[in-house]
Amino acid sequence: MLNILIVGNGQCGNRILDAINREAFGKKSRFGKYLSQQKYKSNVETIAINTAVNDLKEMKFTKAKDRIHIPHLHGVGANRNVGKHVFEDNKTHIMRQIEERGNFDVCFVITSASGGTGSSFTPMLVKELKEKHDFPVYSVVVLPFREEGTLYLQNAAFCLRDIRESGADGIILADNQYLKQMGGNVESAYNGINDMIAKRILFLLDALDSEMMMVTDLGDFKTVMSGGAGLATIGFYEAKEDMPVRTAIQKALSPSGLLFSTDVYDEASRAMVIIRGDRERLSIDEISTEVEKLSSAVGHVFKGIIVRDGELPQVLAVLTLESASELENLYAIAVDAIKYERDKKERVSNVKEVDRAFSQIDGMDPSY
Ligand SMILES: Nc1nc2c(ncn2[C@@H]2O[C@H](COP(=O)(O)OP(=O)(O)OP(=O)(O)O)[C@@H](O)[C@H]2O)c(=O)[nH]1
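All values derive from a computational prediction rather than experimental measurement. (Residues numbered from 1 in each chain as written. Predicted model: local features only at pLDDT ≥ 70, side-chain atom pairs only at ≥ 80, totals over all residues.)

(A) Expanded view of the UniProt feature "binding site: GTP" (unreviewed entry) in the protein. Look at the UniProt record and you will see "binding site: GTP" (unreviewed entry) annotated at Gln 11, Cys 12, Gly 13, Asn 14, Arg 15, Gly 116, Thr 117, Gly 118, Glu 148, Asn 176 and Asn 194. Relative to the helices and strands, Cys 12 resides in helix 1 (residues 10–25). Overall, Cys 12 belongs to the buried group, with 28 C-beta atoms counted inside 10 Å. Those residues in contact with Cys 12, other than ones at most four positions away along the chain, are Thr 111, Ser 112, Gly 115, Gly 118 and Val 142. (UniProt positions renumbered as here; feature names shortened; annotations may be inferred. Helix = DSSP H or I, 4+ residues; strand = E, 2+ residues; numbered from the N terminus. Buried ≥ 20, exposed ≤ 12 C-beta atoms within 10 Å, placed from the backbone. Contact = placed C-beta atoms within 7 Å.)

Pasting the structure below:
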């Protein structure tokens, strides 16, 4: 049995963690968290960290003892420099909370790249974990909607670079912009995206700790994640009633199944494909044909099959990327955002017009 740690940092990280716990405890019961009947096979510890107490209070499926408040106003207001100071000041406390939970085989740290708290805490936390422990640490990073503004864009660019330099064993990308086809208002889009991410992570945990017909394990996952440019994404699809398993595999690898915009046949570097479902529905020929198609494009593909009586086929694909053109696009607009903010700061510090306006009433008093 694997010991797994999942940390959710900042509002986005907290919410995705809560979605994971909701799935794990069973959607129906708000009180599942008190009953400790997780669906996990592994020993999973979840920890939510935030500077904003309201974000932590919003969590419905994560135990109170697993929500760590680091007091700093109501968040760090998208300022990563402030966030870094707050983490440094509270590092001992945060690390103690994690260490009290024992040792782990693998850790996932979930965050948005663009806010203040999660995006600054995550690289520093990963660095601390990597310095003190030898288990792999993967970061699940949510990229912003591109229209959210210059501060979020510049944060995303610096955060991703910081996570790569932190010693993380891999970054799994999910992109709000790409996933916004979930539609609806922002809140329902967030919930939809969070559920997609939660479902994929839970499937992955299940697969890493399963008795499979064909085995993939944590070692294979590590090998996949160490391929490519340190970036990865996840695809998933659940077959409809009569859908053949080959179509489910194709859909998991297609744009509608992925968390990040990429052509897997062009940009992927290594892959792990796990298929779960009723034995009758898992045609080995179809699975082999699809996996061979992928491996002829990307090189190595690990294949896992989990037999579950009565279940429709579900397919999870973890793909590391050797290039990511969408990320290059994001950095191109982030560079503009960084320049825009820098120029504005210079303008504000040069221009004394507002001071000049105030100086007109120097030495005067109001008369009534
Ligand atoms: N997918 C998804 N994205 C979210 C969610 N909440 C916020 N975001 C995105 O996260 C980014 C903002 O980061 P947050 O996580 O809210 O910020 P934070 O880490 O709490 O930092 P501060 O609020 O600045 O202290 C934006 O790009 C949002 O679109 C969510 O529930 N789901």
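(B) Region of interest: the nonpolar core. With 110 residues, the main nonpolar core has Ala 271, Leu 316 and Val 318 as its most contacted residues. If you tally residues by element for this core, the top one is helix 8 (residues 186–208), at 11 residues. Two domains each provide a minimum of three residues to this core, namely domain 1 (3–209) and domain 2 (233–321). In this view, Ala 271 contacts Val 224, Leu 294, Val 298, Val 301, Ala 317, Val 318 and Leu 319; residues no more than four positions away in its chain are not counted. (Core = buried A, V, L, I, M, F, W, Y, C linked by C-beta atoms within 7 Å. Domains from an automatic or database assignment.)

(C) Structural context of the site of the ligand. As a matter of local geometry, the ligand sits amid 26 residues, with Gly 10, Gly 75, Ser 112, Gly 115 and Gly 116 nearest to it. At the level of secondary structure, the elements contributing two or more residues to the shell around the ligand comprise helix 1, helix 5 (117–132) and helix 8. Among the elements that line the shell around the ligand, the one with the most residues is helix 1, at four residues. Counted by class, the shell around the ligand contains 10 nonpolar, 14 polar and two charged residues. (Near = placed C-beta within 6 Å. Nonpolar A, V, L, I, M, F, W, Y, C, P; charged D, E, K, R; others polar.)

(D) Region of the structure containing the domain arrangement of the protein. Each assigned domain of the protein is listed here: domain 1 (3–209) and domain 2 (233–321). Each of domain 1 and domain 2 was reduced to a C-alpha centroid, and the two centroids are 26 Å apart. On the side of domain 2, 12 residues touch domain 1, which itself brings 13 residues to the contact. Elements with a contribution of two residues or more to the side of domain 1 that touches domain 2: strand 6 (170–175), helix 7 (176–179) and helix 8.

(E) Highlighting the pairing of strand 2 (residues 43–50). The buried count for strand 2 comes to six of eight residues, which makes it a mostly enclosed element. Alignment of strand 1 (residues 3–9) against strand 2, held across seven bridges, turns out to be parallel. Along strand 2, the bridge assignment pairs Ile 6 with Thr 46. Of the strand pairs in this sheet, strand 2 and strand 3 (residues 67–69) are connected by three bridges, and their pairing is parallel. Note that in strand 3 the partner of Ile 49 across the bridge is Ile 68. (Pairing = 2+ DSSP bridges.)

(F) Examining the confidence of the model for the protein more closely. Averaged over every residue, the pLDDT of the protein is 92; residues scoring 70 or more account for 94%. Here the complex is predicted with pTM 0.93, and the ipTM for its interfaces comes to 0.99. (pLDDT = per-residue confidence, 0-100.)

(G) View of the environment of Thr 233. Its location among the elements puts Thr 233 in strand 7 (residues 231–238). Its 27 C-beta neighbours within 10 Å are what place Thr 233 among the buried residues. Residues Thr 233 and Met 95, 138 residues apart in the sequence, show an inter-C-alpha distance of 28 Å. Beyond its immediate sequence surroundings of up to four residues, Thr 233 is in contact with Ile 172, Leu 173, Leu 258, Leu 259, Phe 260, Thr 262, Leu 319 and Leu 321.

(H) Expanded view of the packing of helix 5 against helix 6 (residues 150–165). Where helix 5 meets helix 6, the axes come as close as 9 Å, and the angle between the chain directions of the two elements is 5°. The pairing of helix 5 with helix 6 is recorded here as roughly parallel in orientation. The segment helix 5 lies against helix 6, with Ser 119, Thr 122, Pro 123 and Val 126 engaging Asn 155, Cys 159, Asp 162 and Ile 163. By residue class, the composition of the contact of helix 5 with helix 6 is four nonpolar, three polar and one charged. (Axes fitted to C-alpha atoms, helices over the stretch in contact; angles between N-to-C directions. Parallel < 35°, antiparallel > 145°, perpendicular 65-115°, else oblique.)

(I) Just the sheet that holds strand 10 (residues 314–321), in detail. Ordered in space as 3-2-1-4-5-6-7-10-8-9, the 10 strands form an open sheet in which the pairing is mixed. With one partner strand each, in any of the chains shown, strand 3 and strand 9 (300–307) form the two edges of the open sheet. Here the average twist between neighbouring strands, direction ignored, is 20°. Relative to strand 4 (residues 106–112), strand 1 runs parallel, the two being bridged by five bridges. By the bridge assignment, Ile 4 is partnered in strand 4 with Val 106. Sitting on the sheet, helix 5 touches strand 1, strand 2, strand 4 and strand 5 (137–143), and the angle it makes with strand 4 is about 160°.

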